[in-house]
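Next come the chains, spelled out residue by residue.
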Amino acid sequence: MASKHVCFIVGSQSPLQFWTDPSHPNGPLSAQSSITTSFIPQKASIAEAKFQGGWDLIQVLPHLQELKQIINSGLFTKAANSNPIWKPESDGNFRLRSAWNTVRSPNPKPPWVSSVWFAGHTPKFSITAWQALQDKLSTRDNLHFLGPNHDRSCLLCNSVSESVNHIFFNCSYSAWIWQVILRRISERRKQKKSLSDEENWIRSKFKKKGQTYTLVRTLLTASIYLLWQERNSRLFQKKKTHKRFLLSRIISATRSRILALKLEDEDSEENQRISNSFNLPLFSKATDPKFCHWEPLAAYEIKLNPDASLASDTASIGGLLRDHLDWRPSPRPQGYNPISLLC
Ligand SMILES: [Zn+2]
């Protein structure tokens, strides 16, 4: 299967035999009755055929189209030996990734992929979310093959039939948790009806990559993972967690992840508000600083910029002090861009 993706750079001292080398997809040329020519000796190497005899036979025997095609498909150089080339890679080096791509038949990516497999995702969260969005979790409605007497009631609320769309997030237990999270994201709306609706809302509202992009996706996948863990804990260990504690776990796990990633984001009002509601710092991007003219102060005077923001007048943490010598005696918040010029 892989041989069709391998070819050789044939050098001037290559030992490969022109007629008997087995690398041709249809076998050695000597076994192909349609290809014959007396211009190339029976024991000639490919290098001899190429570098000594030249390729004049192409002009002499233009009817040997298959032979011409074989000759043209090779990568012939003046290298001394023959080197194998892995054709799927531009540099000719073999890699498992390209080998896998040559044997698989990729399906088109579903739109929700970017909400689950994003840069900085937590693998265990994403795997459970990936299963949930495809309705592949072993919810009780998916275990109908266990028979008509199989208990289908939701383990979180003990009322209606358990399904993916009920657990995420229409169950009274999970709906309360998700509503609190939505309010912290500053989303005031009636809850959507299905998990895919929630995922679709997140994907269409938070498109610009940065801390908020990763934060809302981590909140979604962490909620799915920890709610599913809670459901399994009730089923297999008979242990229950109050919804307030589970909410606290979701937010704590998300904050830990975001703090570890130290992502930047635009210094916008919305990003500030969302970061503040989860008690996260906002590391602003320094790609668009607003430079102002610095008016030197009189000696022994100090100016204070209580905002220290680059792009808006929203209150931020810390400040920036300057005296008449342009010294900056105040400490800057760690991780913040040091430039904030005063008018
Ligand atoms: Zn329920």
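Our subject is the structure that appears above.
Residues numbered from 1 in each chain as written. Predicted model: local features only at pLDDT ≥ 70, side-chain atom pairs only at ≥ 80, totals over all residues.

Novice: Help me understand the nonpolar core, please; the structure alone is not making it clear to me.
Specialist: One broad rule of soluble globular proteins: the nonpolar side chains tend to lie buried together. In this structure, A129, A132, F168 and I224 are the most contacted members of the largest nonpolar core, which totals 37 residues. Mapped onto this core, the elements with two or more residues apiece are helix 6 (123-133), helix 7 (164-170), helix 8 (172-184), helix 9 (195-205), helix 10 (211-237) and helix 11 (243-261). If you tally residues by element for this core, the top one is helix 10, at 11 residues. Discounting chain neighbours no more than four positions away, the residues touching I224 are T128, A129, A132 and F168. (Core = buried A, V, L, I, M, F, W, Y, C linked by C-beta atoms within 7 Å. Buried ≥ 20, exposed ≤ 12 C-beta atoms within 10 Å, placed from the backbone. Helix = DSSP H or I, 4+ residues; strand = E, 2+ residues; numbered from the N terminus. Contact = placed C-beta atoms within 7 Å.)

Novice: I would appreciate a short explanation of the environment of V6 in the present structure.
Specialist: Along the chain, the position of V6 falls in strand 1 (residues 6-10). Classification of V6 as partly exposed rests on a count of 14 C-beta atoms within 10 Å. When the C-alpha positions of V6 and I85 are compared, they lie 5.6 Å apart, and in sequence the two are 79 residues distant. Among residues more than four places away in sequence, those in contact with V6 are P84, I85, W86 and K87.

Novice: Teacher, can you tell me more about the packing of helix 6 against helix 10 here?
Specialist: Interaxial distance between helix 6 and helix 10 falls to 8 Å at its minimum, and their mutual angle equals 80 degrees. As the angle between them shows, helix 6 and helix 10 are arranged roughly perpendicular. Facing helix 6, whose interface residues are K124, F125, S126, T128, A129 and A132, helix 10 presents T218, L220, T221, A222, I224, Y225 and W228. (Axes fitted to C-alpha atoms, helices over the stretch in contact; angles between N-to-C directions. Parallel < 35°, antiparallel > 145°, perpendicular 65-115°, else oblique.)

Novice: Any chance you could explain unusual backbone geometry here in plain terms?
Specialist: Trans is the prevailing form of peptide bonds, just as negative phi is the prevailing case for residues other than glycine. Omega for the bond connecting F168 with F169 falls within 30 degrees of zero, at -5 degrees, which places this linkage in the cis form. Within the secondary structure, F169 is located in helix 7. Positive phi is not limited to glycine here, since K238 has a value of about 55 degrees. Residue class for K238 comes out exposed when judged on the 7 C-beta atoms lying within 10 Å of it.

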